[in-house]
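Reading the structure
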Amino acid sequence: MVWLWLWLVGQRLLLWGAASAVSLAGATLALSVLQMVASYARKWYQMRPIPTVASAYPLVGHALMMKRDGAEFFQQLSQYTEEYRHMPLLKLWVGPVPMLALYKAENVEVILTSSKQIDKSSMYKFLEPWLGLGLLTSTGNKWRSRRKMLTPTFHFTILEDFLDVMNEQANILVNKLENHVNQEAFNCFFYITLCALDIICETAMGKNIGAQSNDDSEYVRAVYRMSDLIFQRMKMPWLWLESWYLMFKEGWEHKKGLKILHTFTNNVITERASEMRTYAEDSEGDKGSVFSKNKRRAFLDLLLSVTDEEGNKLSHEAIREEVDTFMFEGHDTTAAAINWSLYLLGSNPEVQKKVDNELDEVFGKSDRPATSEDLKKLKYLECIIKETLRLFPSVPLFARTLNEDCIVAGYKVVKGTEAVIIPYALHRDPRYFPNPEEFQPERFFPENAQGRHPYAYVPFSAGPRNCIGQRFAIMEEKTILSCILRHFWVESNQKREELGLSGELILRPCNGIWIKLKRRNVDDS
């Protein structure tokens, strides 16, 4: 009987303990929810004075108002910034998170010049499964250390090594475009994008994937689908939870795409590292140099040999993060800029005539590859590229998560706010760009740019976290455009309203860029 009594007491104690644990867990959860609601209420109250577009619903904010379609969402955001241009800034709520839209140079400057506000938006966490914590997504000391390590790899003399690849791929592109000379208008967007993808693969990884020859590559498809999935998820708070996301078709597609992308990059890194070891072992009298005279250097080669201040090399995972980041950031952006340049040149023959004259002065009748000295002389073409990026910035918006309270335009902005800089709207400020919708490359002549607010034009961001690859991008755009324009005269009849702008991760035309090509006769042009 004693044992039975002890057993019953033991069972009661276990039940009481279990009930207490459940009660404690419930209380902890309830406390967390109360803290979240209190934090939300406090932020809402503190930021109430900041102008907004409409009343926000509790907790979901303006999320239900936001368009799901990329083109419609971008048009919606553009409409807000135009409608509220007289306001210094604009507030939106994405779920319980406050978002601040910035499109005035003096307010953009507050965020971008800060050495403290360097945390990328929490929305960038959706890039982390693909890019890890590389230069784009990392922050704090890790970002500072990685940036310091990688900056020398983008030195101009090293970038010159990539020029041969750019010229070769540009010539392949021109040969493909020959089929469209004196034919009907065609959509050039995909042609340019595949060329940029070939360039980035070979310069980043030393791998020729032949995208221009094989546009149905599994890796190419995975790159594009992953970008689409990430942007869709950013706009839908109900898909932010990882376990919940995997219950949807998009979540499974995301998982499958990641495997394709990471397997490809991992294999290339392993293969390249093995080649470098073999060459180093075989190189006698060359002090272990990992680059033969006939072998091109790639960004990956530099990553495999770079060290930090303590002499430590990057891990395999860290190298993959940076290669994937370079792939993600470095092809769509330049491809978009080149496409927009062709559209604007095709729509403005008087500007195209001027750049033709410049090309004649630099190259004459020769179709030789462009050298770095040639590119330096193409000053008007560079103004065209800059004006294109003003009207159609490749990255139409980017964001930071504020890690401390700050004052912007006289308003208190609380810690945790998403500060969204919108170059597409910023670059249309008539104070700095009169008749902002007109295509005028002369705006970027040195004498015309003098005195302009330094943060009125930020196609590559600005401040401590500016784009490390902007020299690479301008070099590639100059090389490809000069090659195309030396062979063809471009015509475009599309009106702006027919483009169907989609400002997802990259500013793209939903309806493509449709151009006609004529063979350029140097003697008659």
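Our structure is the block above this text.
Owing to the predicted nature of the structure, the values given are computational and were not obtained by experimental measurement.

1. So, the overall build of the protein
The helix and strand inventory of the protein stands at 20 helices and eleven strands. Sorting the 525 residues of the protein into buried and exposed places 52% on the buried side. Counting contacts in the protein only where the partners sit at least 6 residues apart, residues at least 24 apart contribute 74% of the total. Carbon and sulfur atoms form 56% of the exposed surface of the protein, whose accessible area is close to 24,800 Å².

2. Description of the packing of aromatic side chains
Under the definition given, this model contains 16 aromatic pairs. Ring centres of W340 and F392 lie 4.1 Å apart, and the angle between their planes is 10 degrees; this geometry places the pair in the stacked category. Taken together, the positions of W340 in helix α14 (residues 332-347) and F392 in the loop between α17 (379-391) and β4 (398-401) put the pair 52 residues apart, joining distant regions of the chain. W340 sits in the buried class, given a relative accessible area of 0%. F392 gets classed as buried once you look at its relative accessible area, which sits at 1%. Site record: aromatic cluster; members linked through ring pairs are F162, F299, F326 and F472. Seen from the ring of Y424, R428 lies directly overhead, with NZ or CZ sitting 3.8 Å from the centre.

3. Details of a nonpolar patch on the surface
Taken together, the side chains of V37, Y57, L59, V60, L64, W238, L241, W244 and M247 present a nonpolar region at the surface, about 960 Å² in accessible area. You can call Y57 partly exposed: its relative accessible area is 48%.

4. As for the nonpolar core
Counting 156 residues, the largest nonpolar core has L102, W130, M327, W340, F392 and I484 as its most contacted members. Residue contributions to this core peak at eleven residues, all from helix α8 (residues 189-205). Contacts of M327, omitting those with residues within four sequence positions, involve L197, I200, C201, A204, M205 and Y219.

5. Some points on helix α3 (residues 105-112)
For α3, the full list of buried residues reads A105, N107, V108, I111 and L112. Buried residues of α3, seen end-on, are gathered within an arc of 160 degrees and therefore sit on one face of the element. Where α3 is buried, its residues meet β2 (97-102), β4, β5 (406-408), β7 (418-421) and α18 (423-426).

6. As for the pattern of salt bridges
Inspection of every chain in the model, using the stated rule, returns 27 salt bridges. Among the ionic pairs, R508 bridges to D332, the shortest N-O distance being 2.3 Å. On the criterion of sequence distance, the pair formed by R508 in strand β10 (residues 507-509) and D332 in helix α14 is long-range, its members being 176 residues apart. Judged by relative accessible area, R508 falls into the buried class, the value being 19%. Given the relative accessible area of 6%, D332 is considered buried. One salt bridge connects R390 with E387, and the closest N-O pair in it is separated by 2.8 Å. Separated by three residues within a single helix, R390 and E387 lie in helix α17, roughly one turn from each other. Just as R390 is buried, E387 falls in that class too. Connected through salt bridges with shared partners, the residues K142, R146, E321 and E322 form a single ionic network.

7. Comments concerning unusual backbone geometry
Unlike most non-glycine residues, N435 shows phi in positive territory, near 50 degrees. You can see N435 is positioned in the loop between α18 and α19 (446-449). Positive phi, close to 60 degrees, is recorded for S461, a residue that is not glycine. Mapped onto the secondary structure, S461 falls in the loop between α19 and α20 (470-487).

8. A short note on the packing of helix α7 (residues 163-177) against α8
For the pair α7 and α8, interaxial distance at closest approach is 10 Å and the crossing angle is 155 degrees. In terms of orientation, α7 and α8 fall into the roughly antiparallel class. Between α7 and α8 the crossing geometry is right-handed. For the pair α7 and α8, contact is made by V165, M166, Q169, A170, L173, K176 and L177 and by Y191, I192, C195, D198, I199, E202 and T203, respectively. Its residues placed into classes, the contact of α7 with α8 shows nine nonpolar, two polar and three charged.

Calculation criteria
Residues numbered from 1 in each chain as written. Predicted model: local features only at pLDDT ≥ 70, side-chain atom pairs only at ≥ 80, totals over all residues. Heavy atoms only, no water. Helix = DSSP H or I, 4+ residues; strand = E, 2+ residues; numbered from the N terminus. Buried < 20%, exposed > 50% of the residue type's maximum accessible area, 1.4 Å probe, protein only. Contact = heavy atoms within 4.5 Å. Areas by Shrake-Rupley, 256 points an atom, 1.4 Å probe, with all protein chains shown as cover. Phe/Tyr/Trp six-rings, centres within 6.5 Å; stacked < 30°, edge-to-face > 60°. Lys NZ or Arg CZ within 6 Å of the ring centre and 35° of its normal. Patch = residues over 30% accessible without salt bridge, like charges linked within 9 Å, V, L, I, M, F, W, Y side chains within 5 Å. Salt bridge = Lys/Arg side-chain N within 4 Å of Asp/Glu carboxyl O. Core = buried A, V, L, I, M, F, W, Y, C linked by side-chain atoms within 4.5 Å. Arc of directions from axis to C-beta. Axes fitted to C-alpha atoms, helices over the stretch in contact; angles between N-to-C directions. Parallel < 35°, antiparallel > 145°, perpendicular 65-115°, else oblique. Left-handed = near helix turned anticlockwise from the far one by under 90°. Nonpolar A, V, L, I, M, F, W, Y, C, P; charged D, E, K, R; others polar.

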